[in-house]
Amino acid sequence: MTRNDNGPVAGINVRGATLYRGFLTPADQAGMVEVLRRVVAEAPLFSPETRWGRKMSVRMTSAGRYGWFSDRRGYRYIERHPSGTPWPAIPDPVHEIWRALVPEARPPDCCLVNLYGEGAKMGLHQDRDEADFSQPVVSISLGDEALFRIGTTERSGKTESVWLKSGDVLVLGGAARLAFHGIDRVRTGSSSLLRDGGRINLTLRVVD
Ligand SMILES: O=C(O)CCC(=O)C(=O)O
Ligand SMILES: [Mn+2]
């Protein structure tokens, strides 16, 4: 990756989370899309159901030891894709981003791949299906811009919104690890990174 050639990058504080704008160069982003195509070929995207039986608007898959999954039985991590095959390995360029931004953390064992097509969004939620909340969450944005909302550890807490752009990386650590967050909307056609349009988000987490 070429992005670190100019020394350490500075992050912007967004309600306790740290946003690294343009952390991935356009070349890094294109390379990332290529490795993700291989992940999706091995572990096809699917639309999980929420515990209330509603299909999520985001399509997803995972890489790593665990994949995040949801159905009427609830949210959880599973060790195999719904087809029965193990999840593919987390690609090296993804590990590199983690090591560059959170070198003190344990390696991630889940890379959730979210694909937002036209009209897809993600309601306000906390990431809390993991065992150790001292470990950060790292979130990588690729493709169309998305309006990300982040609040406090209370659902009713005050929120702030920021547009996440292709190549941006966000770290939810410390007090922001359990902050409520979500995606209100995606600006369709704002990026030409993905052949078929849309937005990819990679969410890296330590599960155990
Ligand atoms: O798409 C995003 O930027 C956030 C995704 C997210 O919060 C999640 O998958 O838990
Ligand atoms: Mn989340």
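Residues numbered from 1 in each chain as written. Chains lettered and ligands numbered in written order. Predicted model: local features only at pLDDT ≥ 70, side-chain atom pairs only at ≥ 80, totals over all residues. Heavy atoms only, no water.

*Asks:* In this structure, what is going on with the environment of Arg-185? I would like to understand it.
*Replies:* Within the secondary structure layout, Arg-185 lies in strand β12 (residues 181–186). Contact partners of Arg-185, with chain neighbours within four places excluded, come to Glu-145, Ala-146, Leu-147 and Trp-163. (Helix = DSSP H or I, 4+ residues; strand = E, 2+ residues; numbered from the N terminus. Contact = heavy atoms within 4.5 Å.)

*Asks:* I'm lost on the site of ligand 1 in this one. Help?
*Replies:* The local shell around ligand 1 consists of Leu-112, Asn-114, Tyr-116, Met-122, His-125, Asp-127, His-181, Ile-183, Arg-199, Asn-201, Thr-203 and Arg-205. In the environment of ligand 1, an oxygen atom lies 2.5 Å from a nitrogen or oxygen atom belonging to the side chain of Tyr-116. Protein burial of ligand 1: of its 290 Å² of free accessible surface, 96% is covered by the chains. Mapped onto the shell around ligand 1, the elements with two or more residues apiece are β6 (110–116), β7 (122–125), β12 and β13 (199–205). Ranked by the residues each element gives to the shell around ligand 1, the list is headed by β13, at four residues. The class makeup of the residues in the shell around ligand 1 is four nonpolar, five polar and three charged. (Near = heavy atom within 4 Å. Polar contact = N/O pair within 3.5 Å; in protein donor to acceptor, adjacent residues only side chain to side chain. Areas by Shrake-Rupley, 256 points an atom, 1.4 Å probe, with all protein chains shown as cover. Nonpolar A, V, L, I, M, F, W, Y, C, P; charged D, E, K, R; others polar.)

*Asks:* Help me out: how do you make sense of the nonpolar core in this one?
*Replies:* A general trend in soluble globular proteins is that nonpolar side chains are found buried together. Counting residues in each nonpolar core, the largest one holds 32 residues, and the members touching the most others are Met-60, Tyr-116, Phe-148, Ile-150 and Ile-183. Counting residues per element, the ones that place at least two in this core are β2 (17–20), β4 (67–71), β5 (74–78), β6, β9 (146–150), β10 (160–164), β11 (169–172) and β12. Sequence-distant contacts of Phe-148, that is, excluding residues within four places in its chain, are made with Glu-160, Ser-161, Val-162, Leu-164, Leu-170, His-181, Gly-182 and Ile-183. Core analysis: the second largest hydrophobic core is formed by 29 residues, Met-32, Leu-36, Val-94 and Ala-105 among them. (Core = buried A, V, L, I, M, F, W, Y, C linked by side-chain atoms within 4.5 Å. Buried < 20%, exposed > 50% of the residue type's maximum accessible area, 1.4 Å probe, protein only.)

*Asks:* So what exactly am I meant to see when it comes to the state of the cysteines here?
*Replies:* Formally, a disulfide is one covalent bond, and it connects the sulfur atom of one cysteine to the sulfur atom of another. Per the counting criterion, the structure on display carries zero disulfides. No disulfide involves Cys-110; its nearest neighbouring cysteine sulfur is the one of Cys-111, lying 6.9 Å away. According to the relative accessible area criterion, Cys-111 is buried, its value standing at 1%. (Disulfide = S-S within 2.5 Å.)

*Asks:* Mind showing me how you'd approach the packing of aromatic side chains here?
*Replies:* For any pair of aromatic rings, the description consists of the separation of the ring centres together with the inter-plane angle of the planes. Under the criterion given, the structure shown has four aromatic pairs. Ring geometry for Tyr-66 versus Tyr-77: centroids 6.3 Å apart, planes at 65°, classification edge-to-face. Placement of Tyr-66 in the loop between β3 (59–63) and β4 and of Tyr-77 in strand β5 is noted, with a sequence separation of 11 residues between them. Per residue, the accessibility class of Tyr-66 equals that of Tyr-77, and both read buried. The lysine or arginine in question, Arg-199, covers the ring of Tyr-116, its NZ or CZ lying 5.0 Å from the ring centre. (Phe/Tyr/Trp six-rings, centres within 6.5 Å; stacked < 30°, edge-to-face > 60°. Lys NZ or Arg CZ within 6 Å of the ring centre and 35° of its normal.)

*Asks:* Help me out: how do you make sense of the pattern of salt bridges in this one?
*Replies:* Opposite charge on two side chains permits pairing when their charged atoms draw close. One pass over the structure, following the stated rule, counts 13 salt bridges. One salt bridge connects Arg-15 with Glu-160, and the closest N-O pair in it is separated by 3.5 Å. In this pair, Arg-15 is assigned in the loop between β1 (12–14) and β2 and Glu-160 in strand β10, connecting sequence segments 145 residues apart. The salt bridge involving Glu-79 is made with Arg-65; its shortest N-O contact spans 3.7 Å. Here Glu-79, found in the loop between β5 and α2 (92–101), pairs with Arg-65, found in the loop between β3 and β4; they are 14 residues apart in sequence, far enough to count as distant. Judged by its relative accessible area of 45%, Glu-79 falls in the partly exposed class. For Arg-65, a relative accessible area of 49% gives the class partly exposed. (Salt bridge = Lys/Arg side-chain N within 4 Å of Asp/Glu carboxyl O.)

Read these as spatial facts, not as claims about activity.
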